[in-house]
Amino acid sequence: MSEILKREIKYVSGVGEVRARLLEREVGVRTVGDLLMRFPYRYIDRTRIFRLSDIDESMESTYVQLRCRVVGKSFMGEGAKRRMIVEITDPTGTAELLWFHGIKWIEKRVELQREYIIFGRPTIFKGRVSLVHPEIEPVEQALSRKIESGFQGIYSTTEKLSQTITVKAMHTIVYNAWQLVAGNASAFVDPLSDAMRRRLGLISLREAIYNIHFPQSAEMLKQAQYRLKFDELLGVQLTIQARRNSRHKRAGGFLFPRVGEAFNTFYKTKLPFALTGAQQRVIKEIRADMVSGRQMNRLLQGDVGSGKTMVAFMSMLLAVDNGYQACIMAPTEILARQHYASMSRFAEGLNIRVAILTGASKAKERRTALEGIASGEVDILIGTHALIEDRVQFANLGYVVIDEQHRFGVEQRAKLWTKNQQPPHILVMTATPIPRTLAMTLYGDLEVSVIDELPPGRKPIRTYHYFDSARLRMFGFLRQEIAKGRQVYIVYPLIKESEKMDYKDLEDGFESISRDFPLPKYRTTVCHGKMKSEDKDAAMSQFKRGEADILIATSVIEVGVDVPNATVMVIESAERFGLSQLHQLRGRVGRGGEQSYCILMSGDKLSKDGRARLEAMCATNDGFELSELDLKLRGAGDIHGTQQSGEAFELNIANLATDTQIMELTRNEALAILEQDADLSRPENISLRELRDRHKRREHIDFSDIS
Ligand code: ADP
Ligand code: MG
């Protein structure tokens with residue numbers, strides 16, 4: 001980075017010591033470079049003057065520019081409550097401006113009968129337009145001022161900062177900073193060569209920075225955004241792809257060349273159904289990795305109910321047939337027990353041994369598992385995160401499957417592979433589909449397999465949204481389904497901060513259901529995280545065996561639970577759940593041949609996002625579509641540009657939800673660059689290295705390097 005960009009911000013005209021300190025503290029801007037690398041999150045067209053009659057509710061809290069005459073000036077209140085009210089008018093109407101502080105200063109600058117350009121955010125109350133603390137400038141002065149660009153950038157700010165540095169002042173400061181570097185040809189070293197820019201049709205970095213702050217046209221703004229997103233994502237991809245290359249170099253993989261007896265016997269004589277095309281394809285993909293000599297690091301995405309368990313089991317047989325042990329780690333006790341039950345059944349007559357280990361394992365079960373796994377007698381170990389404990393010592397672990405990956409922390413996962421000298425092959429399965437772009441970022445160095453086909457004969461689940469007032473109708477529907485012999489889940493939210501109240505909701509719910517669905521006609525049972533593990537199991541197996549009609553639960557049943565006769569999923573206070581959780585819960589039904597239903601109950605008052613989530617659930621069953629939408633919803637409305645900051649890479653301008661195409665482009669470019677210069681050590685690549693290293697800081701949150 002050139003010297004001029006490293007200069008402290010206080011030397012920029014219009015800043016000074018006080019503002020400099022404020023800028024650093026509030027938004028982390030210390031240098032000229034920091035300032036210029038903070039881009040506007042929105043633009044307003046300053047060539048456009050609105051009429052008062054144009055302003056309606058839809059424009060509340062967006063910036064507008066007005067040209068009005070001052071026709072009245074008055075004061076109200078005393079002392080700290082004193083405010084100034086200015087009446088304004090244009091040929092189409094009237095409005096008022098309000099000041100609560102800085103009155104002395106503004107009072108002298110507002111003259112009756114004079115015309116002003118007014119800039120601010122309108123609010124409308126009882127049909128009356130008002131603007132609080134607008135910027136105001138006499139018309140002659142405003143029109144004589146040379147403006148750098150018709151579009152004025154709006155920079156994210158904080159409450160504190162905005163009191164000292166207005167929208168306009170910020171704009172001026174950025175302009176002054178730009179003036180410092182404008183004449184300095186070497187201020188911006190373009191990381192991309194001329195040839196590369198020409199090939200990809202990208203404008204220069206310098207042009208991009210200028211136009212992102214002072215767009216010379218709508219087209220130039222687009223070009224600038226494209227170029228800056230490109231740089232940002234190229235940096236991300238250089239980080240990820242370099243890591244992938246080094247992993248491939250570093251870790252040799254176990255070879256599983258044989259397709260042996262266990263696999264073949266199971267396939268020919270025990271497979272309970274024909275595999276779907278997608279299941280077959282994924283098993284082939286896994287097998288190809290296992291004979292490649294490289295360690296497999298594969299993410300398997302498949303919507304709820306797509307049959308991932310069978311893929312896991314059959315690929316574990318491949319390991320076992322080659323003399324290695326395999327394990328599968330599930331996020332909950334319930335799910336681990338369920339896997340153990342079905343896999344023990346699958347394994348009958350295959351001459352292999354399956355064991356289970358969870359936090360709730362009794363002494364005998366625990367001993368059997370630990371001893372068997374250490375001696376090599378146990379071939380397949382199933383469990384929860386108890387598998388990560390130090391005392392679990394495998395004789396020769398060759399393959400690890402992680403079910404429903406999103407429930408595990410990264411460190412937890414990483415611990416499992418340190419159990420071996422050589423890392424085992426790894427399959428991470430998830431039913432929470434990750435949007436493609438996000439997968440490419442977070443898991444850029446994982447291979448990805450997708451099961452994009454459900455087993456045949458499934459009927460799409462019908463989803464409805466009811467307000468609480470329609471509860472009786474919902475009950476009527478449940479009675480109908482139960483009368484047909486079907487079973488019902490009713491799920492209550494459990495959000496950590498208010499656990500106590502949440503359990504109360506669930507208990508109240510249980511009471512009311514027991515009243516409205518009385519014994520002996522209806523049998524209701526409960527399952528939640530606070531219960532002892534035996535009680536949970538007892539409730540679950542009761543429901544599984546069809547001895548309960550209604551299971552009242554928290555989202556402990558969110559993942560994996562498989563009861564094909566259950567056809568209705570009622571989700572209480574559905575607005576409190578995230579989209580992916582709603583989708584997971586819905587996936588508990590629709591597992592048999594019967595028509596299934598998901599009923600989302602909510603209060604009357606819904607936030608905009610809450611409503612959008614429920615509407616999306618009713619509109620589609622496609623987990624990928626929902627996850628894309630989820631990303632957009634969570635990203636929307638965040639003006640501080642940190643919408644993805646919870647993720648591995650903090651992005652300034654690119655958007656993982658929408659910039660798929662640029663992401664793919666940069667991926668290929670990054671691969672090509674690294675092929676020539678693997679660690680970017682050549683002198684001509686120094687600024688590419690800077691691009692890459694911007695993302696190094698956050699490497700401790702490393703989702704992709706799981707081995
Ligand atoms: P998930 O991908 O959500 O983990 P599961 O592995 O639990 O899905 O499978 C859901 C249900 O579908 C199970 O009851 C399973 O036995 C059944 N199933 C899986 N694959 C097939 C198939 N190819 N044909 C028919 N049923 C299948
Ligand atoms: Mg599953």
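Residues numbered from 1 in each chain as written. Chains lettered and ligands numbered in written order. Predicted model: local features only at pLDDT ≥ 70, side-chain atom pairs only at ≥ 80, totals over all residues. Heavy atoms only, no water.

## Points about the packing of helix α14 (residues 333–347) against helix α20 (residues 533–544)
Consideration 1: For the pair α14 and α20, the least separation of the axes is 10 Å and the interaxial angle reads 55°. Between α14 and α20, the angle falls in the class oblique. You can see that α14 and α20 cross each other, and the crossing is right-handed. Residues Glu-333, Ile-334, Arg-337 and Gln-338 of α14 form the contact with α20, whose own contacting residues are Ser-533, Lys-536, Asp-537, Met-540 and Lys-544. (Axes fitted to C-alpha atoms, helices over the stretch in contact; angles between N-to-C directions. Helix = DSSP H or I, 4+ residues; strand = E, 2+ residues; numbered from the N terminus. Parallel < 35°, antiparallel > 145°, perpendicular 65-115°, else oblique. Left-handed = near helix turned anticlockwise from the far one by under 90°. Contact = heavy atoms within 4.5 Å.)

## A short note on the confidence of the model for the protein chain
Consideration 1: Summary statistics for the protein chain give a mean pLDDT of 86 and a share of 90% for residues scoring 70 or more.
Consideration 2: Low confidence marks residues 407–411, where pLDDT is under 50. Its contacts with residues over four positions away, or in another chain, come to 13 contacts.
Consideration 3: Here residues 697–707 is modelled with pLDDT under 50, and outside its nearest four sequence neighbours on either side it reaches 38 contacts, counting other chains as well. (pLDDT = per-residue confidence, 0-100.)

## Concerning the packing of aromatic side chains
Consideration 1: Under the defined criterion, the tally for this structure stands at 15 aromatic pairs.
Consideration 2: Geometrically, the ring pair formed by Tyr-175 and Phe-214 is edge-to-face, given 5.4 Å between the ring centres and 90° between the ring planes. Within this pair, whereas Tyr-175 is found in helix α7 (residues 167–182), its partner Phe-214 is found in the loop between α9 (205–213) and α10 (218–250), the two being separated by 39 residues in sequence.
Consideration 3: Look at Phe-313 and Phe-346: their rings are 5.2 Å apart centre to centre, the planes differ by 55°, and that puts the pair in the tilted class. With Phe-313 in helix α13 (residues 308–321) and Phe-346 in helix α14, the pair connects residues that are 33 residues apart, well separated along the chain.
Consideration 4: Judged by its relative accessible area of 0%, Phe-313 falls in the buried class.
Consideration 5: Residue Phe-346 is classed as buried on the basis of its relative accessible area of 12%.
Consideration 6: Through pairs of rings, three or more aromatic residues link up here, namely Tyr-175, Trp-178, Phe-188, Tyr-210 and Phe-214.
Consideration 7: The ring of Trp-105 has Arg-109 lying over it, and the distance from NZ or CZ to the ring centre is 3.9 Å.
Consideration 8: In this structure, Arg-473 packs its charged tip against the face of Tyr-466, placed 5.0 Å from the ring centre. (Phe/Tyr/Trp six-rings, centres within 6.5 Å; stacked < 30°, edge-to-face > 60°. Buried < 20%, exposed > 50% of the residue type's maximum accessible area, 1.4 Å probe, protein only. Lys NZ or Arg CZ within 6 Å of the ring centre and 35° of its normal.)

## Focus on unusual backbone geometry
Consideration 1: In the segment running from Leu-519 into Pro-520, the intervening peptide bond is cis, with an omega of -5°.
Consideration 2: Counting through the fold element by element, Pro-520 comes out in the loop between α19 (499–516) and β19 (524–527).
Consideration 3: Phi at Lys-126 takes a positive value of approximately 50°, unusual for a residue other than glycine.
Consideration 4: On the secondary structure map, Lys-126 appears in the loop between β6 (122–125) and β7 (128–132).
Consideration 5: With phi around 50°, Leu-680 is a residue other than glycine that occupies positive phi space.
Consideration 6: One can find Leu-680 in the loop between α24 (660–676) and α25 (686–693).

## Examining the site of ligand 1
Consideration 1: Neighbouring residues of ligand 1: 16 residues in total, closest Gly-305, Lys-308, Thr-309, Arg-458 and Asp-562.
Consideration 2: Backbone polar atom of Gly-305 to an oxygen atom of ligand 1: 2.7 Å apart, as the coordinates give it.
Consideration 3: Contacts to ligand 1 include Asp-562, whose side-chain N or O atom sits 2.8 Å from an oxygen atom.
Consideration 4: Expressed as a share of its isolated accessible area of 560 Å², the protein-covered part of ligand 1 is 83%.
Consideration 5: Here the residues of the shell around ligand 1 are counted per class, giving five nonpolar, six polar and five charged. (Near = heavy atom within 4 Å. Polar contact = N/O pair within 3.5 Å; in protein donor to acceptor, adjacent residues only side chain to side chain. Areas by Shrake-Rupley, 256 points an atom, 1.4 Å probe, with all protein chains shown as cover. Nonpolar A, V, L, I, M, F, W, Y, C, P; charged D, E, K, R; others polar.)

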